[in-house]
Each structure stands twice: as C-alpha cells, then as structure tokens.
Amino acid sequence: MTEILNSQNYIHTRTGMTVDAFKRAFLDNLYYVQGKDMPRATPQDHYLALAYTVRDRLMQRWLQTFQTYDETDCKFVYYLSAEYLLGPQLPSNLLNIGLMDVARQAMAELGLDLDAVMRREREPGLGNGGLGRLAACYLASMATLGLPAIGYGIRYEFGIFRQMFVDGWQVERPDDWTASGDPWSFPRPERQVQVNFGGHTEKEWAHNGDFRVRWRPAWCVEAIPYNLMVPGYKNNTVNSLRLWSAQATSSFDLQVFNTGDFVRAVEGKVHSENITKVLYPDDTTPQGKLLRLQQQYFFVAASLTDIMRVFMRRHGTNWEVFPDKVAIQLNDTHPTIAIPELMRLLVDEHDVDWNTAWDVTRRTFAYTNHTLLPEALEEWPASLLEQLLPRHMEIIHEVNRRFLDEACVVLNDPIAAARMSIVTPGPAPHVRMAYLASVGSFSINGVSELQSNLLKDLVLRDFSQLWPWKFNNKTNGIDPRLFIRLANPRLSALIYDRLGEHWLTNLDRLRELERFIDDPTFQAEWREVKQANKRDAAEKTREGMGLEIDPDAVFDVMVKRLHEYKRQLLKAFHIITLYNRIKANPKAPVFPRVFVFGAKAAPGYRMAKLIIKLLNAIADVVNNDRDVDGRLKVVFVPNFNVSTAMQIYPAADISEQISLAGKEASGTGNMKFALNGAVTVGTLDGANIEIRDLVGHENFFLFGLRTEDVFHLLRQGYRPAMYYERTPELRQAVDMIAAGYFSRGDREIFRPLLDSLLNHDPYFIMADYAAYVEAVEAATLAYQDTERWTRMSILNTARTGFFSADRAVRQYNEGIWKTQPVPITL
Ligand code: 26Q
C-alpha cells in the first residue's frame, strides 16, 4: 500500500503542486472520472475535471484537520444556519490552497482559459441574501483563524431562484444548481440520521419509579449529510460544512404501513423528500408555513444528533462538560428549535434531570439577531408546533412556565414578566422564537452597534433588564479573500505592490495605504484600477444586456435584496428628477452617470415586484431618450448573486446605502463597496454609522432622518402628502408616474405604489427625498474633482479593514465561543 502511495504517479496525480503535476492530474480526472479525452471534452467536463483536481489537493489537509481536532479534544464551534449563500467554490478553493497561478498556467498549456473554465460553475445559492452570505464568510474566516468549527445547514435541491425580466417584470426560474454535477459535495450515507415528526406523547413510569415522557412520533425522514470542504487561507486547515438532505425511509410512515395502506404510505415518501426541495425565497414576512418549520427541525435534529455522537465518543454521558466542549451559534431564530430539542434529548433520551439539562442547554447556545423589523421576527402558531412536534411544545410550555416564575421574582414586576411570555396569550397562541432563543442562550448579539443597542433598548428590552450580561454586539464582517482578492485582482495587486504579503489576513494593515495618499503615482495607479474595472463592467454590460455604458461616467450603484425599507424607490425618484432637469434644459451640461441596480424580490412580495417593474420602466425611457443623449444610463443587472456581485463592487464609484434609519440591521454590501474604494451615500443606519466614523465624516455623504427623528415624526403624525405639496420636483416625479409617463399611458399599474407613498409612506421616502437628492448631487460633484475623489476612495479602502470577517469571528470567539485555534501541520 505505502508503495502505491509513494509511487511517483500516484502522488503526482492526486497531490502534486507543480504545473506539470497539475496538468497531468487534470487530464487524468478528465479521462478516469469524466470518461472523456481532450478532443471530446465539453466545457462542463473541463470544469468538473478541474474541480476534482483541486479537491484532490485539499483532501489530505481535510483529513489531517479532523485527525488533529480528534487528537486535541478541543472545544468545537457549531454554526447552525438555515442558509449559506456560498458562491463559487472553485476560485476560493484554488486561492486558499495557493494554486491559482499553477492552475492558470496548467490550463493555458492545455489551451484552456482558467477564467472561462471557472465561469462554468453554477454557484450554490443556498441563501437569500445578507444572512446567508454572512454565514459563508464566517465559515471561511473560522477556517482561516484555525478554529475547530463545523457549519450545519440544509442542502436545498433548489437554491434562491434565478431572476429574469420579461417586459420589465421579474420572472422566477428554478435554480437547479446540481443539474450538471456537484463536485464539491461528499455524501456520507453511512452517517445518516433519522428525524421524527408528529404523533403524540405518553407519560410512563420507569423501573426506578421515575416519571418520564415518551414521544411516539407518527412519521420520520432520513437525513443524509453532504460534507463540503471549507479551506482556510493558506494555513492547511480545511473545516467542514455539513448540509443535510432529506430522504424517505422504507418505513417513513410509522402508522400507515401498519394499516396496510400502501399507496398512501408511498405518498408520504414523496412528501418527506420534499423537505429539502427548495429554499424559501422570502426574507421579509416569514409566514408560518408547515414545510419551513419541517426544514428547521429537520436540520437541527440531525445536527444535534451528530454533535452529541461526537461528544459521547470521548466524554460519554458526562453532560456537565458538554458546554466546555460545544458552543452552538444560532444564526437568527431559524434554528431555535434546537433549544427544546437539546432539552428533549437530555431529559427524555438520556435521563438527565430538568435543572441539569436546562443549565447545560443555557450554557451551550448563543443567539444572533439579524433584524429589528417586527414583521420579520419569527412566530410559530402553537397549534402547528403541537401537531408537528408535540413533545417540543410541551417542553416550550415548561420552559416558559419556569422562566416566567423566575422573571416575576427577579424583576418584581408581574406586568413586565407577562410581557416576556414565550407563548403569546389569547385564543390563537404563538411561540415567539426570539424570546425562546433569548431565554435559552447565554449570549444575545446584534450585528452592528446601532442594532445591538436598539435590540437591547427596544425589541428585547425586558430581557436586557433581566440579564444585561447576555447582550453584546458583533458588528458584521466580510471575507476579504472573496470580496477583495478574488473579486478585485487589480486592486489586490496594487496593494501587494505597496504593502507586501500580510494585509489579506490582517486587514487593519490597509491603513498603511494612507502613507501613499499624496503620492501622484499611487493616485494614478489607484484611478487606473477603478477605470479598468469599470471598463470590464461596461464590456460585460454590452455582452450581457446589449447596453452601452460609458466607463468615464460616475458609476452609482445600489445592489441588495429588494425591500421597501431599503428604499430603492428613493433612488428611482432621484433618477426621475435628473431626467426632468435634462428635459427642462437639454443643453445644460450634465455629468454622465450610470445607475446600476441588482435586486431580487420575494416572489410573493407584490410591492417589491412593482418597484422592479418601475425601475425597468424608468430605464427604458431614460436610456432611449434623445435629449438625454446617453448622459444618464440605468442598468438593472438581472439575477444578482455572488458571482455578479464580485463583478459589480469593484466597478462602483458611489455606494448607495439609503435604508430608513433603524431598519437595516447592519448591511454587509456597504462594507464590500467601501473596501473596494467606493464612497458611500448613506443614512445613519446599521453599519453605515461605523463606516462613516472610520472613514471620516468628510469621506461619506450623509443624509436623512436619524432613528430618533423617525420616532419623533411618528409621534407627531407624519403627513407624506405635505412633502408632495411643498417639493415641486418631487411632485413632478410622482405626477409623471401617475400619468403613465413610464408605462405607455397606463395610469393604473403603479397606483398601489403611489397610493402607499402619498397616504402612508411607512419608510419616509417623501420626508428624505430632498436631502437625498442633495447628497447624491454633492457626491457626484465631488467625483468630478478627480484629486479629491481619489483621496476619498483610497481612504475608504484604507480605513475599513475593521470589516474583515476575521475580526468579527475573532470577537465571536473571544467574547462568546472561547475555543482555541488548532494549527494543522501536514
Ligand atoms: C424566516 C422564516 C420563514 C421564511 C423565511 C425566513 C427568513 C429567511 C431569511 C427570514 C430572514 C432571512 C434573512 C434575513 C437577512 O438576510 N437579514 C440581513 O442579515 C444581514 C447579516 O447580518 C444584515 O447585514 C442585514 O442588515 C439583514 O437584513
């Protein structure tokens, strides 16, 4: 065996790191895995052969990582998230293992273009937006810091839908991301776990006279784990992301089979495999959908079984040390059913007494909250929970009863205690998952300074008075390897040239760029990087959309999910205003601008889809008006995802972060823009506040109501129509939409939008309009002062190293998880 392993060919084909070895390995994989030779290989074959070649080279590190963790008996972080918006695996894996140049050269020698091969990859879009992407960035940073960590989630067969526009309307297509193969997943059917549902509970007396509860489930599903590699950046660590896929068991319906109703039983099989079929594309108003709850319990139950199996291998049933070996981070409330599930496992299955089990549970879980929007806080009807998870509902009632007793005594305020009930009162009780998560965790964190404060003082105020020590902030961060090094190779090369090697894993070092701020050569190179990125983007826009855009125009970019609170509409009013100024005086000098949008709307969110239609309609009019003469261009990039994001951020001059103050928990796109040298036009919301403080107030275009202004306006009675009456340019824009100017005379289609705006305007677009127009105009004017703008751009990059996910993860570890890095040596 060792002879085979050591023989030249074997080692070279699976692990060799030279160009020759890599080439040979690629051809070998193409031939023996894909069953193709070069003349017959399709581009998809090239992609797969390259993927296999890269994963072969990660394998030894992956196995070594787990062996080392095993040997050191270290504490593990388990990150539980219903979403991972991974993005392309091939470029990240190539970069992290240090083979990017080798692969490029090897492909070139075989007559292939590495970038073209990489573009074949269908990214696993197993998330909606910020929260899912954050989970992916954090896994990457945990591996880079050498932390023993495992991500757990769901292997959706269909990820976030693919977006197309038909006549300007969003149309969704299924995202069949595994259709042409998934080379990055390692299914582990031998590690499958059974997950139970439904049925009822029974009380029984154990032999020793103890009373205990048994859950008699009605049906079950097998959870099959699929492991993905999560390499750290050039440090030999390769952690795992374990995604669960549902598979029907031969005996899934525990009752029907016994009654002999075979066909109905097979219907059940179809149903159980549906559990991981599709990602819910709604991140605004989570409806209490049964299937969504099934997804949540499915992945949580499977993950906890897995976690306990590993724990018991070493520590048996010594549960008191569980929290010393296990930290479980809940990515929002989506995995919160893990709290009653751990209680159930300990109390019902392992005979631990309630108080001990509760103490273990509370010392294990930590909860991250990602939203302040009341409509986005998860609540499940108790009736639904009772039906799907009867034992869990009993445990939740018991947790609640004991908690309310405690709160009543400690706070000495029965009214406050009643407000904190996990289960809402009334005829149709609901379970508030944020309350359950808060009661069952030792740490509760928000994702920006502002949101953490609002969480403490508003949303979870009673809880923060009871347990002030639980509350903390962990401002979000982003993976710099993905969003700087891979997305922006030109900028990275310039930074390497001036700073040397170490900035990418120590992003605060970007500060050293300030030393070159007055250097005209550096300034010119900095500008040229941005210009080249903009030329690339213009090229892509021509190829992809048939639209000509001017790389010398200012690129003013807003990319993020479509939500009313994010206020894409405000941007629309600004564009209409500029258009009207040109129409009023076509000869007046106007600096050329390109407005870039990218946004998916939840398929059932009618207002959001109407806003997409409006933006496309405005684009149609503006882009084709002779008076405008190309000076304004509106580009709505379809299907915004990680791959398109990586092309857009590096080409942006202006970053639009214009949510209503108090609504955006943090934002992470804002960080990606700033690090790529874009200057922000933004409100005092989420992490914008921290960006502004870091880059300097003079390098940030601030506008709009502050959180406290919003509260004030609400108290005194907000009248949006007043702004319409008093602001002529705003009135003109509204009237044009109403008159059908952008809809070929159709006065009906945008009516719901304008009605809402004039009568309610829940996101204060009318109130912020004038200040917003002024702010973007100031930014655009500043852009025309090349010298000034270059400085602002450099300072945005140089001063935002704080937003590295490495920093964020380090803070999670120091403040919450308290694990030790484990270096991996080969
Ligand atoms: C819940 C239940 C049922 C169906 C769907 C959901 C659901 C799914 C996704 C609810 C919310 C989400 C996603 C939320 C999200 O992306 N929040 C964003 O998180 C980012 C990372 O912290 C922040 O930067 C953003 O400000 C926040 O909006």
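Rules and cut-offs
Residues numbered from 1 in each chain as written. Predicted model: local features only at pLDDT ≥ 70, side-chain atom pairs only at ≥ 80, totals over all residues. Heavy atoms only, no water. Pairing = 2+ DSSP bridges. Helix = DSSP H or I, 4+ residues; strand = E, 2+ residues; numbered from the N terminus. Contact = heavy atoms within 4.5 Å. Near = heavy atom within 4 Å. Polar contact = N/O pair within 3.5 Å; in protein donor to acceptor, adjacent residues only side chain to side chain. Areas by Shrake-Rupley, 256 points an atom, 1.4 Å probe, with all protein chains shown as cover. Nonpolar A, V, L, I, M, F, W, Y, C, P; charged D, E, K, R; others polar. Buried < 20%, exposed > 50% of the residue type's maximum accessible area, 1.4 Å probe, protein only. Salt bridge = Lys/Arg side-chain N within 4 Å of Asp/Glu carboxyl O. Axes fitted to C-alpha atoms, helices over the stretch in contact; angles between N-to-C directions. Parallel < 35°, antiparallel > 145°, perpendicular 65-115°, else oblique.

Draft legend 1. Region of interest: the pairing of strand E10 (residues 211–216). Two strands pair when backbone bridges link them, and strand E9 (residues 200–205) and E10 are joined in this way by 6 bridges, in the antiparallel orientation. Residue glutamate 204 lies in a different strand from E10, and its bridge partner there is arginine 212.

Draft legend 2. Representation of the side chain of asparagine 580 in the model. You can see asparagine 580 is positioned in helix H24 (residues 568–584). With residues up to four places along the chain from it excluded, the contact list for asparagine 580 reads Gln732, Ala733 and Met736.

Draft legend 3. Focus on the site of the ligand. Taken together, 20 residues lie near the ligand, and Asp282, His370, Asn476, Glu664 and Gly667 sit nearest. A distance of 2.6 Å separates an oxygen atom of the ligand from a polar atom in the side chain of histidine 370. Interatomic distance of 3.1 Å between a backbone N/O atom of serine 666 and an oxygen atom of the ligand. Contact with the protein chains hides 93% of the accessible area of the ligand, taken as 610 Å² for the molecule alone. Per element, the largest residue contribution to the shell around the ligand is 3 residues, and it comes from helix H8 (residues 130–144). Grouping the amino acids of the shell around the ligand by side-chain chemistry returns 6 nonpolar, 8 polar and 6 charged.

Draft legend 4. Here's a closer look at helix H28 (residues 688–695). Of all the positions in H28, only Asn688, Glu690, Ile691, Arg692 and Val695 are classed as buried. Buried positions along H28 lie against helix H19 (449–459), strand E22 (654–657), helix H27 (669–675), strand E23 (679–682), strand E24 (701–702) and helix H34 (786–798). Among the residues trailing H28, glycine 696 stands out with phi positive, at a value near 100 degrees.

Draft legend 5. A look at the environment of tyrosine 367. Mapped onto the fold, tyrosine 367 is located in strand E14 (residues 365–368). A residue is classified by how much of its surface remains accessible, and tyrosine 367, at 0% relative accessible area, is buried. Residues tyrosine 367 and phenylalanine 701 lie 334 residues apart in sequence; the distance between their C-alpha atoms is 34 Å. Apart from residues no more than four positions distant in its own chain, tyrosine 367 is found in contact with Gln329, Leu330, Asp332, Thr333, Ala434, Ala437, Ser438, Ser441, Ser443, Ile444, Asn445 and Leu460.

Draft legend 6. View of the pattern of salt bridges. In the structure shown here, the tally under the stated rule is 58 salt bridges. The salt bridge partner of glutamate 204 is arginine 214, with a shortest N-O separation of 3.4 Å. Highlighted residues: glutamate 204 in strand E9 and arginine 214 in strand E10, separated in sequence by 10 residues. For glutamate 204, a relative accessible area of 24% corresponds to the partly exposed category. The exposure class assigned to arginine 214 is partly exposed, which follows from its relative accessible area of 21%. It is possible to trace a salt-bridge network through shared partners that takes in Glu202, Glu204, Arg212, Arg214, Arg216 and Asp351.

Draft legend 7. Quick peek at the packing of H8 against helix H35 (residues 805–817). Relative to each other, H8 and H35 sit at 75 degrees, their axes nearing to 9 Å. When the axis of H8 is compared with that of H35, the two are roughly perpendicular. Only Ala805, Asp806, Ala808, Val809, Tyr812 and Trp817 of H35 make contact with H8, whose side of the interface consists of Cys137, Tyr138, Ser141, Met142 and Thr144. The class makeup of the residues in the contact of H8 with H35 is 8 nonpolar, 2 polar and 1 charged.

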